[in-house]
Structures are given as structure tokens and as C-alpha cells.
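Each chain, written out:
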Amino acid sequence: MTAHDPTPETWRAVDRYFADTLVGPDPDLEAAVEAQRAAGMPDIEVAPVNGKLLHLLARMSGARRVLEIGTLGGYSTIWLARAVPEDGRVVTIEAEPDNAAVARASIDRAGVGGRVDIRIGRGEHVLPTLAGEEPFDLVFIDADKESNALYLDWAARLGRVGTVVVVDNVGRGGAVADAGTTSSQVIGTRKGLALLGEDPRFEATALQTLDAKGWDGVAIALVVRPGEA
Ligand SMILES: C[S@@+](CC[C@H](N)C(=O)[O-])C[C@H]1O[C@@H](n2cnc3c(N)ncnc32)[C@H](O)[C@@H]1O
């Protein structure tokens, strides 16, 4: 095969190959996706290869306490909860009570319910209530993109030096490179990335992704200076 620009057919085939080879079938995760579809939720959970990336980042960093902003039906939450030890904790924040109920059932069915604490409410209201708790070792930001900079600020405050921070959907089908965008989601994404580039509390990079969810990207950051809770 010669090198060429990816077409949807080729990159979807590569994603399927990676997922089949490295992720494989997973009845609990598949049931979680089915439950959220049945409840009419949008198809916006992370792709399987991305869920496994979160899982591996949590394990590689030895995370015991994980914070997620944006639960949806619990798909990424299950991946994260499987990565923490028995006495670990995933705190996940979800604004929609109906989504949280579906997530609760799927997370419990997957056998990791004892490690997952779902906080219902908007991130901006729930995050301040977590101040004073033991610091989080990994933070996954995947909610309203307009609030990414706010969530990153809280990630530094609620983390510690060494906390891993992951921000999903930072490529947005290429729209993130458009400085003149009028999309509030893209503007929010750009503000979050600007913060990661400028704020001395973080060292960060971002990778484009082509997976089951299309062309997007993920930012990965490390907290390198303490934030104030
Ligand atoms: C992209 S989905 C999360 C997907 C999930 N992380 C996964 O990969 O399986 C975004 C979720 O964030 C929730 N959300 C939107 N705005 C929010 C806010 N201000 N605070 C908390 N959750 C919010 C939405 O209701 C939705 O369930």
C-alpha cells in the first residue's frame, strides 16, 4: 500500500482494524452504548480506541482518584473505573439527571458501581464542592466545550503536580484551526487550548484523531505547578 491522504474508507478501515485487534468485543461497554441509544442520547461517547486510551493513561499514571466532567451514558466512565484500584474513585459530573440515571444502571451492570460517584449538576456548580477533597490524579474533560477553560482551571485546582488532564474533541473536524469561527463550541475549545499553551500550571500537547467518531482530536496535559483550590 502506498502512502496517500486518508479517505473516509481507509481511515475507518484502520480504526476498525485497531479496535478489533487491540480493544475487542466487550459486552458491558456494548450494553452501555445500547442503553444510551435506547434512551435517545446522542452518539457522542468516545470511540472504543479512545476509551482504551483513557483507561491506559489512568493506569500508566497510577491514578486512584479520577474526575470526569460529562458522563452521558457512562461509557467513558466504565473505561476509567476499570483502571482505578478497588479502593479508587471516579467522580463524574453530569448536568442531565436522565443521562445520569442511564449511566448509573450501565456502570452498576458493568460491576464497577462501587467505585463511581455520579454528581448531578452543571460542572460550574459541582466543581467548587469538590475543593478540599483529596486531589484527583486524572481529569477527563468532555462536557460543554464553552466551559473548557473553566474546567481546566478547576482541573489544576483540584489536581496536584503530576495530575494528567485529558480534553476531548479538540479538533472538531478541523474547525479548531479557524480563528474567525463563530461557533461557541469551537471558541470554547480554542480558549481551552490557549490556556493550556499559556498557563504555567500546564504542559500540554494535542493529537488529531481519526476514529469511529470522525476527525477530531484529544489534548493531553500534565499539571506541572500547583493550582489553588
Ligand atoms: C460528550 S458527552 C460525554 C460523553 C462521555 N464522556 C463518554 O465518552 O461516554 C457530554 C455530556 O456532558 C453533559 N453536559 C453538558 N453540559 C454540561 C455541564 N455544564 N455540566 C455537566 N455536564 C454537562 C451532557 O449532558 C452530556 O451528557
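One can find the structure itself at the top, above this paragraph.
S.K.: What am I meant to see in the overall build of the protein chain here?
M.R.: Broken down by element type, the protein chain carries eight helices and seven strands. Taken against the 2.2 N^0.38 rule, which gives 17 Å for 229 residues, the C-alpha radius of gyration of the protein chain at 17 Å falls within 12% of a compact globule. For the C-alpha atoms alone, the extent of the protein chain along its principal axes is close to 55 × 45 × 30 Å. Taking the contacts inside the protein chain whose residues are at least 6 apart along the sequence as the reference set, 71% of them involve residues at least 24 apart. When the accessible surface of the protein chain is split by element, carbon and sulfur atoms take 55% of a total near 10900 Å². Averaging the coordinates of the 23 positive side-chain charges in the protein chain and doing the same for the 34 negative ones gives two points 3 Å apart.

S.K.: I'm lost on the packing of helix H1 (residues 8-23) against helix H3 (residues 48-60) in this one. Help?
M.R.: The relative placement of two packed helices is expressed as an angle between their axes plus a distance between the axes. Packing of H1 against H3 brings their axes to within 9 Å, and their N-to-C directions diverge by 45°. Between H1 and H3, the crossing angle belongs to the class labelled oblique. Of H3, the residues touching H1 (which contributes Asp15, Phe18, Ala19, Leu22 and Val23) are Pro48, Val49 and Lys52. Across the contact of H1 with H3, the residue classes tally to six nonpolar, no polar and two charged.

S.K.: Looking at this structure, how should I read the site of the ligand?
M.R.: Neighbouring residues of the ligand: 21 residues in total, closest Gly70, Ser76, Glu94, Gly123 and Asp142. Measuring from an oxygen atom of the ligand, one finds a backbone N or O atom of Val46 at 2.9 Å. The side chain of Asn99 places a nitrogen or oxygen atom 3.1 Å from an oxygen atom of the ligand. Here the shell around the ligand is built from residues that sort into eight nonpolar, six polar and seven charged.

S.K.: Is there a simple way to think about the layout of surface pockets in this case?
M.R.: Unoccupied space between atoms shows up once a probe the size of one water molecule is rolled over them. The space that makes up the largest pocket amounts to roughly 480 Å³. Across the lining of the largest pocket, the residue classes tally to eight nonpolar, eight polar and eight charged. Looking at the lining of the second largest pocket, the elements that each hand over two or more residues are H1, helix H2 (27-38) and helix H4 (75-81). Among the elements that make up the lining of the second largest pocket, the one with the highest residue count is H2 (three residues).

S.K.: What should I look at first to understand the sheet that holds strand E4 (residues 138-141) in this one?
M.R.: Remark on secondary structure: sheet strands pair via backbone hydrogen bonds, oriented parallel or antiparallel. The strand order E3-E2-E1-E4-E5-E7-E6 describes an open sheet built from seven strands, whose pairing is mixed. Lying at the two open borders of the sheet, with one neighbouring strand each, are strand E3 (116-120) and strand E6 (202-211). Looking at each pair of strands side by side, their axes are set apart by 15° on average, direction ignored. Pairing geometry for strand E1 (residues 65-69) and E4, over four bridges, is parallel.

S.K.: So what exactly am I meant to see when it comes to the nonpolar core here?
M.R.: As a rule of thumb, nonpolar side chains are buried together in soluble globular proteins. Within the largest apolar cluster, 29 residues are counted, with the highest numbers of intra-cluster contacts made by Val66, Leu80, Val90, Ile107, Leu138, Phe140 and Val166. Contributing elements (two or more residues each) for this core: H2, H3, H4, helix H5 (97-109), E3, E4 and strand E5 (164-168). Considering each element in turn, this core owes the most residues, five residues, to H4. Listed in part, the 25 residues of the second largest apolar core include Val126, Phe202, Ala219 and Ala221.

S.K.: Is there a simple way to explain a nonpolar patch on the surface in this structure?
M.R.: Side chains of Val14, Tyr17, Phe18 and Leu22 sit close together on the surface and give an oily, nonpolar patch of about 420 Å² of accessible area. By the secondary structure assignment, Phe18 is in helix H1. A relative accessible area of 42% places Phe18 in the partly exposed class.

Reading the values: the criteria
Residues numbered from 1 in each chain as written. Predicted model: local features only at pLDDT ≥ 70, side-chain atom pairs only at ≥ 80, totals over all residues. Heavy atoms only, no water. Helix = DSSP H or I, 4+ residues; strand = E, 2+ residues; numbered from the N terminus. Rg over C-alpha atoms; globule rule 2.2 N^0.38 Å. Contact = heavy atoms within 4.5 Å. Areas by Shrake-Rupley, 256 points an atom, 1.4 Å probe, with all protein chains shown as cover. Lys, Arg positive; Asp, Glu negative; His and termini not counted. Charge placed at Lys NZ, Arg CZ, Asp CG, Glu CD. Axes fitted to C-alpha atoms, helices over the stretch in contact; angles between N-to-C directions. Parallel < 35°, antiparallel > 145°, perpendicular 65-115°, else oblique. Nonpolar A, V, L, I, M, F, W, Y, C, P; charged D, E, K, R; others polar. Near = heavy atom within 4 Å. Polar contact = N/O pair within 3.5 Å; in protein donor to acceptor, adjacent residues only side chain to side chain. 1 Å grid on protein atoms, 1.4 Å probe; cavity = no way out; pocket = protein on both sides within 12 Å on 5 of 7 lines; lining within 4 Å. Points joined across faces, edges and corners; volume = space filled by probe spheres on them. Pairing = 2+ DSSP bridges. Core = buried A, V, L, I, M, F, W, Y, C linked by side-chain atoms within 4.5 Å. Buried < 20%, exposed > 50% of the residue type's maximum accessible area, 1.4 Å probe, protein only. Patch = residues over 30% accessible without salt bridge, like charges linked within 9 Å, V, L, I, M, F, W, Y side chains within 5 Å. Salt bridge = Lys/Arg side-chain N within 4 Å of Asp/Glu carboxyl O.

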